[in-house]
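Summary of the model geometry
Letter by letter, the chains look like this.
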Amino acid sequence: MSISSDLLEGQVALVTGSSSGIGESVARYLASSGAAVVINYHSEKDEAHKIVEDIKSNGGKAIAIGADVSKEDQVKAMFEQTLQTFGTLHILVNNAGLQKDSAFVDMSLDHWNMVIGINLTGQFLCAREAAKEFLRRGIEPNISKAAGKIICMSSVHQVIPWAGHVNYATSKGGIDMMMRSIAQELAPQKIRVNSIAPGAIKTPINKSAWDTPEAEADLLKLIPSGRVGEVDDIAKAAVWLASDESDYVNGITLFVDGGMTLYPGFRTGG
Ligand code: BGC
């Protein structure tokens with residue numbers, strides 16, 4: 001890992017949904033950059049505790065907290081425990097998310113509500129609790145130029161419509177407007193709010209799209225860079241957005257997608 005180990009020294013970060021996939025990698029990178037990290041999980045308790053042990057054995061600080069981010073009482077309890085343990089919070093990575101895919105006419109209200117509840121409402125609830133703590137504490141000049149940083153995990157599907165995934169794509173489109181509205185509101189208080197929009201990254205969420213040579217070849221037609229992304233590609237972007245290296249960056253979506261949003265079908269068509 002080539003990221004400086006003191007870039008986030010003295011800071012506390014909470015990463016939702018960090019027991020696997022992109023969230024896990026983000027949490028590990030934030031920890032290697034010096035932050036104390038809260039590993040939030042929903043059902044993967046053992047996996048979360050294993051990550052905590054790894055971080056500690058590398059000399060870092062971490063705890064695991066279980067919470068369903070779509071439930072207000074659980075989110076509040078998670079933030080209380082974070083503040084009790086580490087004293088404050090400097091970085092929130094709103095990462096928890098899931099897919100419940102189906103053809104539009106077959107989509108149940110339960111699956112619509114579940115995806116909007118976790119992917120979008122969950123980000124709202126966590127961002128609100130984080131912002132309250134950032135405003136309470138304000139800037140600590142020896143720690144960061146910002147009073148706090150929020151990173152929302154979006155997707156290329158905040159701009160690319162996605163048949164068979166209307167709940168998911170809608171949640172990601174919503175994240176974009178939520179993120180920019182919060183950024184506009186809190187910029188004067190020196191809180192930075194940005195999104196990362198991953199393209200196709202090798203994680204459990206999209207395993208069927210890359211785990212056979214045929215599926216991977218199909219997927220690569222959508223990726224001009226010619227490779228499926230790795231979780232580290234996203235984690236490195238998250239460290240940058242969380243650090244003062246990006247102090248003048250506010251209200252943007254950083255697409256980390258190997259060019260997927262370049263609409264590669266138009267290279268020869270249209
Ligand atoms: C989805 C993945 C998908 C990728 C590109 C992500 O947001 O979660 O399943 O592979 O977008 O389509």
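Structural notes, computed from the coordinates. (Residues numbered from 1 in each chain as written. Predicted model: local features only at pLDDT ≥ 70, side-chain atom pairs only at ≥ 80, totals over all residues. Heavy atoms only, no water.)

1. A few points about the side chain of Ser102
The residue Ser102 is located in the loop between strand E4 (91–94) and helix H4 (109–137) in this model. Not counting residues up to four positions away in its chain, the partners in contact with Ser102 are Met107, Gly164 and His165. (Helix = DSSP H or I, 4+ residues; strand = E, 2+ residues; numbered from the N terminus. Contact = heavy atoms within 4.5 Å.)

2. Remarks on the environment of Leu8
Among the secondary structure elements, Leu8 is positioned in the segment before strand E1 (12–15). Along the sequence, Leu8 and Ile143 sit 135 residues apart, while their C-alpha atoms lie 8.0 Å from each other. Sequence-distant contacts of Leu8, that is, excluding residues within four places in its chain, are made with Leu30, Ser33, Gly34, Ala35, Ile91, Ala242 and Ser243.

3. Here's the deal with the packing of H4 against helix H5 (residues 166–186)
Viewed as axis vectors pointing N to C, H4 and H5 meet at an angle of 15°, and their least axial separation amounts to 8 Å. Comparing their axes, H5 and H4 come out roughly parallel. The interaxial crossing formed by H4 with H5 has right-handed handedness. The residues of H5 that touch H4, namely those facing His111, Trp112, Val115, Ile116, Asn119, Leu120, Gln123, Phe124, Ala127, Ala131 and Leu135, are Val166, Asn167, Tyr168, Thr170, Ser171, Lys172, Gly174, Ile175, Met178, Ile182 and Leu186. When grouped by side-chain class, the residues that make up the contact of H4 with H5 number 14 nonpolar, seven polar and one charged. (Axes fitted to C-alpha atoms, helices over the stretch in contact; angles between N-to-C directions. Parallel < 35°, antiparallel > 145°, perpendicular 65-115°, else oblique. Left-handed = near helix turned anticlockwise from the far one by under 90°. Nonpolar A, V, L, I, M, F, W, Y, C, P; charged D, E, K, R; others polar.)

4. With respect to the pattern of salt bridges
Taken as a whole and assessed by the stated rule, the structure comprises 14 salt bridges. Arg128 is the salt-bridge partner of Glu129, the closest N and O atoms lying 3.4 Å from each other. Residue class for Arg128 comes out partly exposed when judged on its relative accessible area of 27%. Among the ionic pairs, Glu140 bridges to Arg137, the shortest N-O distance being 3.4 Å. One connected set of salt bridges, linked through shared partners, spans Glu24, Arg28, Lys50 and Asp54. (Salt bridge = Lys/Arg side-chain N within 4 Å of Asp/Glu carboxyl O. Buried < 20%, exposed > 50% of the residue type's maximum accessible area, 1.4 Å probe, protein only.)

5. A few points about the nonpolar core
Across soluble globular proteins, nonpolar side chains have a tendency to be buried as a group. With 36 residues, the main nonpolar core has Phe79 and Leu92 as its most contacted residues. The set of elements that each furnish at least two residues to this core consists of E1, strand E3 (62–66), helix H3 (72–86), H4, strand E5 (148–153), H5 and strand E6 (191–198). Apart from the residues within four sequence positions on either side, Phe79 is in contact with Leu14, Leu89, Leu92, Cys126, Glu129 and Ala130. Listed in part, the 35 residues of the second largest apolar core include Ala35, Val37, Ile55 and Ala242. (Core = buried A, V, L, I, M, F, W, Y, C linked by side-chain atoms within 4.5 Å.)

6. A word on the pairing of E3
For E3, the tally of buried residues reaches four of five residues, placing the bulk of the element in the interior. For strand E2 (residues 36–41) and E3, the ladder comprises five bridges, and the chain directions are parallel. In the sheet register, Val37 faces E3, and the bridge partner there is Ala62. In this fold, the crossover linking E2 to E3 by way of helix H2 (residues 45–57) has right-handed handedness. (Pairing = 2+ DSSP bridges. Right-handed = clockwise from strand over helix to strand, strands pointing away.)

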